[in-house]
Amino acid sequence: GAGVSQSPSNKVTEKGKDVELRCDPISGHTALYWYRQRLGQGLEFLIYFQGNSAPDKSGLPSDRFSAERTGESVSTLTIQRTQQEDSAVYLCASSLGSDLLAGAPDFGPGTRLTVT
Amino acid sequence: LAKTTQPISMDSYEGQEVNITCSHNNIATNDYITWYQQFPSQGPRFIIQGYKTKVTNEVASLFIPADRKSSTLSLPRVSLSDTAVYYCLVRGRALTFGSGTRLQVQP
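Notes on the structure follow. In this text the structure is predicted, and so the values were computed from the model without any measurement. (Residues numbered from 1 in each chain as written. Chains lettered and ligands numbered in written order. Predicted model: local features only at pLDDT ≥ 70, side-chain atom pairs only at ≥ 80, totals over all residues. Heavy atoms only, no water.)

## Some thoughts on the overall build of chain B
The condition is simple: Segments assigned H or I by DSSP are reported as helices when at least four residues long, segments assigned E as strands when at least two residues long, and all are numbered from the N terminus. In this description the radius of gyration comes from C-alpha coordinates, and the expected globular size is given by 2.2 Å times residues to the power 0.38. For the exposure calls, accessible area comes from a 1.4 Å probe over protein chains only, and a residue counts as buried if that area is under 20% of its type's maximum, exposed if over 50%, partly exposed in between. Contacts between residues were defined by any pair of non-hydrogen atoms, one from each residue, lying within 4.5 Å. Using a 1.4 Å probe, accessible areas were evaluated by the Shrake-Rupley method; residue-level cover was limited to the displayed protein chains. Positive charges come from Lys and Arg, negative ones from Asp and Glu, while His and the chain ends are left out of the count. By convention, the charge on Lys lies at NZ, on Arg at CZ, on Asp at CG and on Glu at CD.
Scanning chain B for helices and strands turns up zero helices and nine strands. Its C-alpha atoms give chain B a radius of gyration of 13 Å, within 12% of the compact-globule value 13 Å for 107 residues. Across its three principal directions, the C-alpha atoms of chain B cover 40 × 30 × 20 Å. Looking at chain B as a whole, 49% of its 107 residues qualify as buried. Sequence-distant contacts, at least 24 apart, represent 54% of the contacts inside chain B between residues at least 6 apart. Here chain B has roughly 5,500 Å² of accessible surface; of this, 50% comes from carbon and sulfur atoms. Distance between charge centres in chain B, computed from 10 positive and 7 negative side chains, equals 10 Å.

## Concerning the side chain of B:T4
Residue and element names in this part refer to chain B. For the record, the criterion: Pairing of N or O atoms within 3.5 Å defines a polar contact, subject to two protein rules: one partner must be a possible hydrogen donor and the other a possible acceptor, and residues neighboring in sequence count only if both atoms are side-chain atoms.
Mapping T4 onto the fold places it in the segment before strand 1 (9-13). By relative accessible area, T4 is classed as buried at 15%. A polar side-chain atom of T4 sits 3.3 Å from the main-chain carbonyl oxygen of C88. Ignoring any residue separated from it by four or fewer positions in sequence, one finds T4 in contact with C22, S23, H24, C88, L89, V90 and G98.

## What about the side chain of A:R69?
Residues and elements named next belong to chain A. Stated formally: The salt bridge definition used is simple: a Lys or Arg side-chain nitrogen within 4 Å of an Asp or Glu carboxyl oxygen.
Looking at the secondary structure, you find R69 in strand 6 (residues 65-69). Look at R69: it is buried, it has no salt bridge, and the nearest opposite charge is E72 at 6.1 Å. Reaching out from R69, the side chain makes a polar contact with the backbone oxygen of H29 at a distance of 2.9 Å. Apart from residues no more than four positions distant in its own chain, R69 is found in contact with P25, H29, T30, A31, L32, F49, V74 and S75.

## Details of the packing of aromatic side chains
All names here are of chain A. Going by this rule: Any two of the Phe, Tyr and Trp rings considered here, Trp counted by its six-membered ring, make a pair once their centres fall within 6.5 Å; the pair's planes then place it as stacked at under 30 degrees, edge-to-face at over 60, or tilted in between.
On inspection of all chains with the given rule, the structure shows eleven aromatic pairs over all chains. Seen from their ring centres, Y35 and F107 are 5.8 Å apart, and the 50° between their planes marks the pair as tilted. With a gap of 72 residues between them, Y35 in strand 4 (residues 31-37) and F107 in strand 9 (residues 106-107) connect regions that are remote in the sequence. What makes Y35 buried here is its relative accessible area of 0%.

## Points about the environment of A:R38
In this fold, A:R38 is placed in the loop between strand 4 and strand 5 (43-50). Sequence-wise, A:R38 and A:E14 are 24 residues apart; in three dimensions their C-alpha atoms are separated by 18 Å.

Written out as structure tokens, the structure reads:
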């Protein structure tokens, strides 16, 4: 079946502009995660959504970062007033639930963001 | 959140068995141990997950001692295509990745 999809695959923007990154989780997956991965580095947790519960925003690096999720479907990650240090691959993952027995999350291919 | 420690890099040759050990001293009772593989320019891919003892699938085996403070991912007879970064993480509600182990398989 269809996996997690993300768009755009690549985004180049000028410093100071706002960007929106989109994630389409696997149908029926109630849990959704966003991560950031800088070149050659590991994954940094950003935010986690689970159903209708309040999202866990503990990983958002600044108030320029925000994310929304419509029900149990699409999520958008917004970065306002982008800075060069925001350049990274932004990865989205989804899973059937937060219950550990729901299975490990599946990752999308990521959006490569370059801020010039 | 439980943190993990694993070697930064490992080298191997085709056909050898590779064992990557991860320590997670602060693992919680309800945490699972999960391993992902990541190739360049791709998202991480789930390999294997376990809670205790041994788990085996078509790709790898995972060994977890009784105290669960460490785990070992075993890749049998690696090939060049196994060259990747391998992440160990303990999975509670959130998913926290460490720095990963960069495995380089030589011919």
